[in-house]
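# Architecture and fold: a report
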Amino acid sequence: MFKKLLAQVGIGAAKVDTRLYFDSLAPGEMVEGEVYITGGDVSQKIDDIYIYVVTEYLREEEDTSVTEECILMQYRLSERFNLQAKEEIVIPFSFPLPEETPLTLTSQPVYLRTGLDIPIAVDPKDTDYIEVHPHPLMQAVFEALENLGFQLHEVDCQYNTHFGGRYPFVQEFEFRPMGKYQGSLDELEIIFSLYSEDLEVFLEIDKRARGFGGFLEEAFDLDERYVQFQVTLDDLNLPTGELEAMIEEIIESQIN
């Protein structure tokens, strides 16, 4: 009985450990690995085993930026079962990383939280941070901007229910001109909406509004400097420089 009481408060209870095959992924790629569950000193009933994909975003609240957590998805691994004392169970898993998952540039956190749902007990949890690198379509846009003389300056996730789709935030990428556009425009900002075979790019040039959320406010108001264009998988096969030329034409049309 004493061991059961200790297990209810997390002492000598079951443990969970998630081990990923790969911890560097692009949005839409498969998250694969195994969950290792080890029984404690007594048998315990496991109601549920879940994996959350989690990130964070900033929200403005009374002139202060507040960090809020967002669960991008929940994946259920198992039905209810009894875990015996000292028993070891390994459960493989595989699921696609949501296409809206933000990139982990400049310390943007994305992590998996694995947990066991145990009645009348402290639920054991395991947290595993992952690296989210650009999808090939995003990388093509980044490389085109770099070739045009733009340098990535800042990346953050900000609260916005209009552009956020399923989630209450968007990830914003701010570029500063270092080449021929230096002096003729202040900055360039983009947000992405990724789908399976194409990428919607929302671009703002030389924003006028300053402060938290200025880009999103202007974009939602359809500001004249706000432009939208699409990049598809076919564009990855274009001759070198064509995507760059298309983006340059858009920029030129907005600053002239």
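Rules of the game
Residues numbered from 1 in each chain as written. Predicted model: local features only at pLDDT ≥ 70, side-chain atom pairs only at ≥ 80, totals over all residues. Heavy atoms only, no water. Helix = DSSP H or I, 4+ residues; strand = E, 2+ residues; numbered from the N terminus. Buried < 20%, exposed > 50% of the residue type's maximum accessible area, 1.4 Å probe, protein only. Salt bridge = Lys/Arg side-chain N within 4 Å of Asp/Glu carboxyl O. Core = buried A, V, L, I, M, F, W, Y, C linked by side-chain atoms within 4.5 Å. Contact = heavy atoms within 4.5 Å. Phe/Tyr/Trp six-rings, centres within 6.5 Å; stacked < 30°, edge-to-face > 60°. 1 Å grid on protein atoms, 1.4 Å probe; cavity = no way out; pocket = protein on both sides within 12 Å on 5 of 7 lines; lining within 4 Å. Points joined across faces, edges and corners; volume = space filled by probe spheres on them. Expected span 1.5 Å × (residues − 1). Arc of directions from axis to C-beta. Patch = residues over 30% accessible without salt bridge, like charges linked within 9 Å, V, L, I, M, F, W, Y side chains within 5 Å. Areas by Shrake-Rupley, 256 points an atom, 1.4 Å probe, with all protein chains shown as cover. Lys, Arg positive; Asp, Glu negative; His and termini not counted. Charge placed at Lys NZ, Arg CZ, Asp CG, Glu CD. Pairing = 2+ DSSP bridges. Axes fitted to C-alpha atoms, helices over the stretch in contact; angles between N-to-C directions.

Along the polypeptide, Thr114 turns up in strand β9 (residues 110–117). A residue is classified by how much of its surface remains accessible, and Thr114, at 0% relative accessible area, is buried.

This part takes up the pattern of salt bridges. One pass over the structure, following the stated rule, counts nine salt bridges. In this structure, Arg59 and Glu68 form a salt bridge, with 3.9 Å as the shortest nitrogen-oxygen distance. Residue class for Arg59 comes out partly exposed when judged on its relative accessible area of 29%. The shortest N-O distance in the salt bridge between Glu252 and Lys180 comes to 3.7 Å. Taken together, the residues Glu252 in helix α4 (residues 242–255) and Lys180 in the loop between β13 (169–177) and β14 (188–194) connect sequence positions 72 residues apart. By relative accessible area, Glu252 is classed as partly exposed at 25%. What makes Lys180 exposed here is its relative accessible area of 53%. Residues joined by salt bridges that share partners form a network here, namely Glu174, Arg176 and Glu187.

A separate point is the nonpolar core. Ranked by internal contacts, the top residues of the largest apolar core, which has 60 residues, are Ile37 and Ile190. If you tally residues by element for this core, the top one is helix α2 (residues 136–147), at seven residues. Not counting the four nearest positions on each side in its chain, Ile37 is found in contact with Lys15, Val16, Ile49, Phe81, Leu83, Glu87, Glu88, Ile89, Ile91 and Leu116.

Under the criterion given, the structure shown has 12 aromatic pairs. A ring pair is formed by Phe93 and Phe95, whose centres lie 5.9 Å apart and whose planes are at 25°; its orientation type is stacked. Taking 5.0 Å as the distance between ring centres and 50° as the angle between the ring planes, the aromatic pair formed by Tyr111 and Tyr129 counts as tilted. With Tyr111 in strand β9 and Tyr129 in strand β10 (residues 125–129), this pair connects stretches of sequence that are 18 residues apart. We classify Tyr129 as exposed; its relative accessible area is 56%. Members of the aromatic cluster, joined through ring pairs, are Tyr57, Tyr159, Tyr167 and Phe169.

Counted as a void, the largest pocket has a volume near 360 Å³. Lining the largest pocket are 20 residues, with Glu99, Glu100, Phe192, Ser193 and Leu194 positioned closest to its centre. For the lining of the largest pocket, the elements supplying multiple residues, two or more each, are β13 and β14.

For α4, spanning 14 residues, the distance from its first C-alpha to its last is 20 Å, which sits close to the expected 20 Å at 1.5 Å a residue. The complete set of buried residues in α4 reads Leu243, Ile247, Ile250 and Ile251. Buried residues of α4, seen end-on, are gathered within an arc of 95° and therefore sit on one face of the element.

Turning next to a negative patch on the surface. Judged by side-chain charge, Glu60, Glu61, Glu62 and Asp63 come together as a negatively charged surface patch. One can find Glu60 in strand β5 (residues 48–61).

Read across the open sheet, the three strands follow the order β1-β3-β8; overall the sheet is antiparallel. Whereas interior strands pair on both sides, the edge strands pair on one side only; in this sheet they are β1 (15–20) and β8 (88–96). Neighbouring strand axes in the sheet, compared pairwise and without regard to direction, differ in orientation by 20° on average.

Residues Asp126 and Asp128 of β10 are buried on one face, while the alternating residues Lys125, Thr127 and Tyr129, pointing to the opposite face, are not. Sheet topology note: the β9/β10 ladder contains five bridges and is antiparallel. Looking across to β10, one finds that Thr114 is bridged to Asp126.

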